[in-house]
Amino acid sequence: QVQLVESGGGLVQPGGSLTLSCAASGSIFSIYGMGWYRQAPGKQRELVATITSGGSTNYADSVKGRFTISRDNAKNTVYLQMNSLKPEDTAVYYCTAGVRVDYRVRAQDYWGQGTQVTVSS
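Here's a quick rundown of the structure. (Residues numbered from 1 in each chain as written. Predicted model: local features only at pLDDT ≥ 70, side-chain atom pairs only at ≥ 80, totals over all residues. Heavy atoms only, no water.)

**Examining the sheet that holds strand S7 (residues 67–72)**
In step 1: Taken in spatial order, the 4 strands of this open sheet run S1-S3-S8-S7, and their pairing is antiparallel. Of all strands in the sheet, those with a lone pairing partner are strand S1 (2–7) and S7, marking the two edges. Direction aside, the axes of adjacent strands within the sheet are offset by 15° on average.
In step 2: Pairing of S1 with strand S3 (residues 18–26), which is carried by 6 bridges, proceeds in the antiparallel orientation. Within the sheet, the bridge partner assigned to Val2 lies in S3 and is Gly26. (Pairing = 2+ DSSP bridges. Helix = DSSP H or I, 4+ residues; strand = E, 2+ residues; numbered from the N terminus. Axes fitted to C-alpha atoms, helices over the stretch in contact; angles between N-to-C directions.)

**Focus: the pairing of strand S4 (residues 30–39)**
In step 1: In this sheet, strand S9 (residues 91–100) lies alongside S4 in antiparallel orientation, the contact comprising 8 bridges. Note on S9: the bridge partner recorded for Ser30 is Arg100.
In step 2: Bridge analysis of S4 against strand S5 (residues 46–51) gives 5 bridges, and the strand direction is antiparallel. Counterpart to Gly35 in the pairing with S5 is Thr50.
In step 3: Hairpin geometry of S4 and S5 is characterised by an intervening segment of 6 residues between the two adjacent antiparallel strands and by a positive phi of about 80° at Gly42.

**With respect to unusual backbone geometry**
In step 1: Positive phi, normally seen in glycine, also occurs at Asn76, with a value near 55°.
In step 2: Residue placement: Asn76 occurs in the loop between S7 and strand S8 (77–82).
In step 3: Given a relative accessible area of 24%, Asn76 falls into the partly exposed group.
In step 4: The phi angle at Ser84 is positive, at roughly 50°, despite the residue not being glycine.
In step 5: Considering the arrangement of structural elements, one finds Ser84 in the loop between S8 and S9. (Buried < 20%, exposed > 50% of the residue type's maximum accessible area, 1.4 Å probe, protein only.)

The quantities given are spatial measurements derived from coordinates; they are silent on function.
Next comes the structure, spelled out in structure tokens:
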């Protein structure tokens, strides 16, 4: 089985910074794309940022220039550096990864349990 565990969420003032981490563990043959999504109360889950195994990145327009996604393939970990945080960034942040558990099977998407980020003065 595969587990994704997020950490690093919390309460921060507007303009502050936080770094989220998400470590994948378990029966892993290879990891493809990894990413972060978020869901605010009463809203649908939305894409924040993604990163391919080769390091190509994609960001939602609302976070471009403020958030940076990165990954450490040796540690099976993806990060989200969040700067200049705004109250509208408040949400539960979820990481996701496309994981292949064996060379004989196709990759599947796995999700973490989520970590709360609250931006408030």
